[in-house]
Every structure is written in structure tokens, then in C-alpha cells.
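Structural features, examined
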Amino acid sequence: MTEIQLSLINFPHHEILSTILNGFSNDFEFTADGVFRRITPSLCPDCGFPMNHNGFNTYRKGHLGEANIGRYLCGACGKSVEEDRTFWNNLKTGFFDILTEICLRLRLNHASYELIEEIMNFIYPRDKDTIRNMIQSAIERLKVPAVQNIQFVHYDEQHPKAGRNQKYRLTLMDSISRQVIADELFDSKDAGTIENFLRRNLDTHKPVFIVTDLYRGYSEIFNRVFGNEVTHQLCLLHLNKLIVNDFPRKTSIEQEFIKYRLLNIFYNRELEIEFLSCLIDEEKTVLKKSRTEYKAWIKEAKRLFHEFVHNLELKRRREGQNLKMRTYYEALNNSRDLFSEIDSFEVAVRKRLMKIEELWPKLTAFYLVDNAPATNNALENYYSTSLKTHRKKQLEATGIEDQMKLSALKRSGILARPRRSLLEAFFMFIPFLDTG
Ligand SMILES: [Zn+2]
């Protein structure tokens, strides 16, 4: 133990000082003047002659305090040596690590550097550039643990703007562990970029089941990268979004009915369809009367329907259930029924049905593989927590990358509960408070 010379000034801090100086041997003292030094100076490193005490150097950290570190002088050769000040550096690190943790969490929740600076002014003032450096070097130091046993993966893209530059964010997520395998930012999303991204991040010799949206022909890329080891699933929720967009915003009940029959191919929407079918005949009757009467009627009918749909949603949420998926044969029958009436539908619906038929093997791949995902829901959720759509445009390029890594770190549990608070770290400075 380091000997602590008690004085009126440092007596109340005895406990803190012994915690701080715990690692040091009995050879050290903390003098009544607050100087940290060896009781008996060691031998000169150059000539081996015993050195003498020779005052101290003062180290200050704004708002926190100052430490006096003892100096020694060799009487024989004139060599000057300063005592090791690791304890002081550790105190500072302990404090600033917690500040950094606070900043990381603010950043994770999409606070701007301006806002963080504003908040820091209440805690420990630091300017924006210092804060940015603190955060970025902390992110660089942290390592995201690697994902193992990749088999089922989600692939998706986002197209955020970094200032004026269009960027492309490509993301791969492990479907079982929900861990992000790779989340990278590129200047282009051409086939070569995607191909390279897949090769670097997935085992191309292992069978892979990969879910994507319907936007573009990923199949060729996948076949080049994985050969016949790949099963490609198109996200059914994305299909449903496209179906909804095939219809105008202000639909008639009849159109709504067709929409729900399309949505009903892969998910059970029987209750909604039943509700709508009760209104279809009434709609025809009202349409024969007058335009104004219909306007009032459809407004009320749609309100009732939305309320009905909303209540079904609430019920599912209460019971912790998702929309029920169709079995393969139900899906097949539902699409066949629609096909048999295809000529009676509007152009957009006909095109959609043709597309569904064309893509059928990729829409239904999940039925053939045990526990395979049918949607990119997991990845959508990750996107919505890691980079809010409405913020995408505001972030700079480094901002986007930091944000991506931060949320990966959060998911892997690295940003866990703090081991101690900022105040606890601050109390350690009490013996060193700068009173002058
Ligand atoms: Zn010497």
C-alpha cells in the first residue's frame, strides 16, 4: 500500500486515495502537499547513484483538478526523472470513457453533434469536433462479434444521400440470430459491387437461403456467386406493399375487395374480405343514385372498414400474433381463383397477377425449406432502428457508417448497462480538485 500522509486537507479523502493508489507499493507516498512520489527516491537509471526529491510537476485537467507528480534529481550526473503518473491518466480515462459512453448512446438515438455539444455543456463542456473525435475513435475501437453458421440470410438496400452524393447501403443479416453480417456503404450498387459484397461476407460454398425485395434481378448475381447452392426468396411483405400501391389511394369498395383478395394469396385476410363483400352490393345500389350521395356513403364505408382492419390489428398485437400465413395449397388455390377471373380486373391488377405467376417459384421458395423466412421483416426492423428514413438525408457519409456500426454494437449487446456513473468517476477527483 502506498503510504498516505494525512493532513487536514486530504484526511477526508483517505478512502478515495487508497482506492486510486491501490496498485502502488509501500514505496510510494502521497504527501500532505498533495505530491505523489517515492518515499525513497530510486537509483539513477544512468549512473546508479541514489537520487533526491526535487519538487514536482503539476498536471491539470479543466474542471476536474490537478495532480502533483514528484520529480527526482541525480546529484552525481544531473539526470532528472519524473515519477510515473499512470494513476492520473487512469482517473482521466475513467471519467472520459463514461462521457464517451453517454455520447455514443445519444448518437445511437440519432442525436446530432450539435445537440450532443449542447447537452455536454451541462455535464462537461466539450466542443463539437472533440465530441466527434471521441465518438468516432470509440466506434473504431469497438468490435462487432462475428456471426456463425450462416444459412438463412436477409439482403436489402437503402439509398441514403450523404450531402449531395447518392450512397448505397447494402446489408446482410443472419435470419436466425438476427445479427447483422455486413452493413456497408458504397458509391454504386451495380452488379459488380453487390457480387463483391456477397463474396466477401458469405461462404459461397455453403447452401444459402436469401430473402430480397422484388425490385431487381438479383437472381443472376446470386447464381454467379453461389451457383446452385442458392435458394432465392422474394419478400412477401414487399409484394404486399406493391399490391397496395397498384390501387389508387381513394379506392371503391369493389377495388378494396380485389386488393384484399390479392393480399389474401399468402396471408389470411378472410375477415376483411367478408366485411367488404357485405358492402359491395350496397355500393352498386348507391352508385345508381347520385354522385353526392355516393361520396358521403363511401366515406363512411371506408371509415368503418379501416376501423375494422385496425381493430383486427390491435387484437393480433394483444395476442402477440402475426398475420396468419397461408399453406402452400391455400396460396396456390387463391392465386388460381384470381387467375380464372383475370380478364375482369383492371390493368394494374392483371399485370400484378402475371408478375406473381412469373415469380411464383421465388415467392413460394420458403414453403419448401424448414423454418425459412418469407419476408425481410427482420431487416426492415433493423433499418428502422438503425437509420430513420427521414434522417437518411441529413447524415454525412461518416455519420451513416458510424450509425450502422453503432446499431450493430447495440444489437450485439456491447453497449450494455454502465459499470459506474459519471459522478462516481468524478468523485475520484475530489482529492485533486483545483481550488486555486
Ligand atoms: Zn545519475
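Counting of residues starts from 1 at the beginning of each chain's written sequence and follows it residue by residue. Local features are withheld for residues below a pLDDT of 70 in this predicted model, meaning they are given only at 70 or higher, and side-chain atom pairs are given and counted only at 80 or more; totals for whole chains, interfaces and linings count all residues. Excluded from the side-chain calculations are hydrogens and water; all other atoms, namely the structure's heavy atoms, are used.

1. Looking at the pairing of strand 3 (residues 35-38)
Here is the rule we go by: Each pair of strands is called paired provided DSSP finds at least two bridges between the two strands. Put simply, DSSP H or I for four residues or longer makes a helix, DSSP E for two residues or longer makes a strand, and each gets a number counted from the N terminus.
Summarising the sheet, strand 2 (residues 28-30) and strand 3 pair through 3 bridges and their orientation is antiparallel. The residue of strand 3 that forms the bridge with Phe28 is Arg38. Counted along the chain from strand 2 to the antiparallel partner strand 3, the turn is 4 residues long, and its residue Gly34 has a positive phi close to 85°. One ladder, built from 2 bridges, connects strand 3 with strand 5 (residues 65-74); its direction is parallel. In the sheet register, Val35 faces strand 5, and the bridge partner there is Asn68.

2. Focus on the side chain of Thr100
Quick note on the threshold: Whether a residue is buried, partly exposed or exposed follows from its accessible area with a 1.4 Å probe, protein chains only, as a fraction of its type maximum: under 20%, in between, or over 50%, in that order. In what follows, a contact means two residues having at least one pair of non-hydrogen atoms within 4.5 Å.
Tracing the backbone through its elements, the reader meets Thr100 in helix 2 (residues 86-108). Taking relative accessible area as the criterion, Thr100 reaches 8% and is therefore assigned buried. In this view, Thr100 contacts Met134 and Ala138; residues no more than four positions away in its chain are not counted.

3. A closer look at the nonpolar core
Across soluble globular proteins, you tend to see nonpolar side chains buried next to one another. We apply this condition: Residue types Ala, Val, Leu, Ile, Met, Phe, Trp, Tyr and Cys, when buried and joined through side-chain atoms within 4.5 Å, form a set referred to as a nonpolar core.
Judged by nonpolar contacts, the single largest core of 46 residues is most densely connected at Leu262 and Phe266. At the level of secondary structure, the elements contributing two or more residues to this core comprise strand 12 (208-212), helix 7 (236-245), helix 8 (253-263), helix 9 (270-288), helix 10 (291-318), helix 11 (328-340) and helix 12 (347-363). Once residues within four sequence positions are removed from consideration, Leu262 is found in contact with Ile243, Phe247, Leu338, Val349 and Leu353. If you look at the next biggest cluster of nonpolar residues, it comprises 36 residues, including Phe87, Leu108, Ile131 and Phe432.

4. A short note on the pattern of salt bridges
We count it as follows: Salt bridges are counted wherever a side-chain nitrogen of Lys or Arg sits within 4 Å of a carboxyl oxygen of Asp or Glu.
Scanning the model with the defined rule gives 25 salt bridges in all. Between Glu256 and Lys259 there is a salt bridge; the shortest N-O distance is 3.3 Å. One end of the pair, Glu256, and the other, Lys259, are both in helix 8, 3 residues apart, so they sit about a helical turn from each other. Close ionic contact of Glu330 with Arg326 constitutes a salt bridge, the shortest N to O distance being 3.8 Å.

5. Some remarks on the confidence of the model for the chain
Defined as follows: The quantity known as pLDDT measures the predictor's confidence residue by residue, on a range of 0 to 100.
The predicted model of the chain averages 86 in pLDDT, with 89% of residues at 70 or higher. Taking the mean pLDDT of every element in the chain, the minimum, 60, falls on strand 1 (residues 3-4) and the maximum, 96, on helix 8.

6. A word on the side chain of Asn376
Heads up, the condition is: Contacts described as polar in this section are N or O atom pairs within 3.5 Å, which, within protein, must combine one atom able to donate a hydrogen with one able to accept it, while residues neighboring in sequence count only if both atoms come from side chains.
Along the chain, Asn376 turns up in the loop between helix 12 and helix 13 (377-386). Judged by relative accessible area, which is 2%, Asn376 ranks as buried. Here His154 takes part through its side chain, which lies 2.7 Å from a polar atom of the side chain of Asn376. From its side chain, Asn376 meets the backbone oxygen of Val211 in a polar contact 3.3 Å long. Leave out the neighbours within four places in its chain, and Asn376 touches His154, Tyr155, Asp156, Val211, Thr212, Asp213 and Cys235.

7. Considerations on the coordination of the zinc ion
Counted only if it meets this: Only nitrogen, oxygen and sulfur atoms within 2.8 Å of the metal, or 3.2 Å for Na, K and Ca, are treated as donors, and water is left out, so sites may look incomplete. Any coordination sphere not matching a tetrahedral pattern (four donors, all angles between 85 and 135 degrees) or a square planar or octahedral pattern (four or six donors, opposite donors over 155 degrees apart, other angles between 65 and 115) is reported as irregular.
Each protein donor to the zinc ion is listed here as Cys44 (SG), Cys47 (SG), Cys74 (SG) and Cys77 (SG); together their distances run 2.3 Å. Around the zinc ion sit 4 donor atoms, and with donor-metal-donor angles ranging over 99 to 119° the site reads as tetrahedral. In primary sequence terms, the donor set of the zinc ion follows C-x2-C-x26-C-x2-C. Remark: Cys77 occurs in the loop between strand 5 and strand 6 (80-82) and Cys44 occurs in the loop between strand 3 and strand 4 (51-61); sequence separation between them is 33 residues. Overall, the relative accessible area of 4% leaves Cys44 in the buried class. Note on Cys77: relative accessible area 41%, which makes it partly exposed.

8. Some words on the sheet that holds strand 12
Formally: Lines fitted to C-alpha atoms define the axes here, with helix axes fitted over just the stretch in contact, and angles between the N-to-C directions of these axes take values from 0 to 180 degrees.
Across the sheet, 5 strands lie side by side as 11-10-7-12-13; this open sheet has mixed pairing. Each having just a single partner strand, strand 11 (180-186) and strand 13 (230-234) make up the two edges of the open sheet. Recorded for the sheet is a direction-independent mean angle of 20° between the axes of neighbouring strands. Bridge count between strand 7 (residues 152-158) and strand 12: 3 bridges; the pairing is parallel.

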